[in-house]
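Chain residues, written in single-letter form:
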Amino acid sequence: DNPQVKEAETYLVNVLTNMGVTDIQTEIEVVDDGVKINFNGNKLGVAIGRKGDTLDALQHLTSLVANKAKENYIRVTLNPGGYRQKREETLVAVAKKSADKALKSGRNVILEPMNSYERRIIHNCIQEIGGELMSWSIGENEHRRVCIGTSKDNKPYKQSYDRRRNDRRGRRPARRPSQTVESKVQREPLKDSADLPMY
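Along each chain, numbering runs from 1 in the same order as the chain's sequence is written. Under the rules for a predicted model, residues below a pLDDT of 70 receive no local features and side-chain atom pairs below 80 are neither given nor counted, while totals for whole chains, interfaces and linings still include all residues. Just so you know, side-chain values use all the structure's heavy atoms and leave hydrogens and water out.

## Points about the overall build of the chain
- Only DSSP runs of H or I with at least four residues qualify as helices, and only runs of E with at least two residues qualify as strands; both kinds are numbered from the N terminus onward. The helix and strand tally for the chain stands at seven helices and six strands.
- Shown N-terminal to C-terminal, the secondary structure of the chain runs as helices and strands in the order α-β-β-α-α-β-α-β-α-β-β-α-α.
- Put simply, the chain has 199 residues, and 29% of those count as buried.
- Note on contacts: a residue pair is in contact if any heavy atoms of the two residues lie within 4.5 Å. Taking as baseline every contact in the chain between residues at least 6 positions apart, the subset at least 24 positions apart corresponds to 56%.
- Accessible areas in this description were obtained via Shrake-Rupley with a 1.4 Å probe; residue shielding takes into account the shown protein chains only. Accessible area for the chain stands at about 13,800 Å²; split by element, carbon and sulfur atoms hold 48% of it. Accessible area is worked out with a 1.4 Å probe on protein chains only. A residue is then buried under 20% of its type maximum, exposed over 50%, and partly exposed in between.

Shown next, in the form of structure tokens:
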């Protein structure tokens, strides 16, 4: 019954319709930090986009509509077809795997760039694991990402791996052009005479 939420829901449905999503059904869920708009329909992929980029932009715009010239700010989260739950499960698995890698290698693991919502999921997961593990964010804007390790002074895991791989490439012997040409010459059939055909 909140007019802010109703306005946001109406805006969302209009945008989704213009994007080609059909048979849209919405459900408002009240959560601790605001509201979650769960919605289903056909062709939801266009509303999610690559790695959720389109969904993040759509969520930002919907939040602006809900809070435009309003005193009470509410956080709006969009959840198409249970995407948020599936994404959260994936992120938790990534966080646990990266934490194990950081502990075993003694190096910091840097994850791919994520939005603030996804970074918060990673941070919460590492905090629950506890122990000597810690996580922090590095980078700016769309390049901001989470780093997991036991100390910020540890070397990054990914850079170390890339360096070893480059070293292996550097030790690979290069072919000598003279050897290649010579081998080709040796494989050519001999002619009885330069003026006669081969057969």
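## Some words on the sheet that holds strand β1 (residues 22-31)
- Sheet architecture is open: three strands sit in the order β1-β2-β3, paired in mixed fashion. The sheet is open, and its two edges are formed by β1 and β3 (75-80), each paired on a single side. Put simply, the sheet's adjacent strands are angled 20 degrees from each other on average, direction ignored.
- Bridging between β1 and strand β2 (residues 34-42) involves eight bridges; their strand directions are antiparallel. Looking at the pairing, Thr26 lines up with Phe39 of β2. The rule for pairing is simple: two strands pair if DSSP sees at least two bridges between them. Here, axes are lines fitted to C-alpha atoms. For helices the fit covers the stretch in contact, and angles between N-to-C directions go from 0 to 180 degrees.

## Focus: helix α1 (residues 3-19)
- Taking 1.5 Å of rise per residue, 17 residues should cover 24 Å, and α1 covers 24 Å from first to last C-alpha, within 8% of that figure.
- Every buried residue belonging to α1 is among Gln4, Val5, Ala8, Glu9, Leu12 and Leu16, and all of these are buried. The buried side chains of α1 occupy one side of the element, clustering within an arc of 130 degrees when seen end-on. Exposed residues lying more than 90 degrees from the buried face of α1 are Pro3, Lys6 and Asn18.
- Along its buried surface, α1 packs onto β1, β2, α2 (45-48), α3 (53-67) and β3.
- Polar contacts, as used here, are pairs of N or O atoms within 3.5 Å; protein pairs need one atom able to donate a hydrogen and one able to accept it. Residues neighboring in sequence count only if both atoms are side-chain atoms. The N-cap of α1, judged by a side-chain oxygen 2.8 Å from the amide nitrogen of Gln4 a few residues on, is Asn2.
- Gly20 sits one or two positions beyond α1 and adopts a positive phi of about 100 degrees. For a helix, the expected span equals 1.5 Å multiplied by the number of residues minus one. Directions pointing from the helix axis toward each C-beta atom define the arc.

## Digging into the nonpolar core
- Here, nonpolar core refers to any group of buried Ala, Val, Leu, Ile, Met, Phe, Trp, Tyr and Cys residues whose side-chain atoms link them within 4.5 Å. Leu12, Leu16, Phe39, Val76 and Leu78 are the most contacted members of the largest nonpolar core, which has 18 residues in total.
- Elements with a minimum of two residues in this core: α1, β2, α2, α3 and β3.
- Per-element tally for this core: the top contributor is α1, with four residues.
- Among all residues touching Leu78, those that are not within four sequence positions of it are Leu12, Ile37, Phe39, Leu55, Leu58, Gln59, Thr62 and Arg84.

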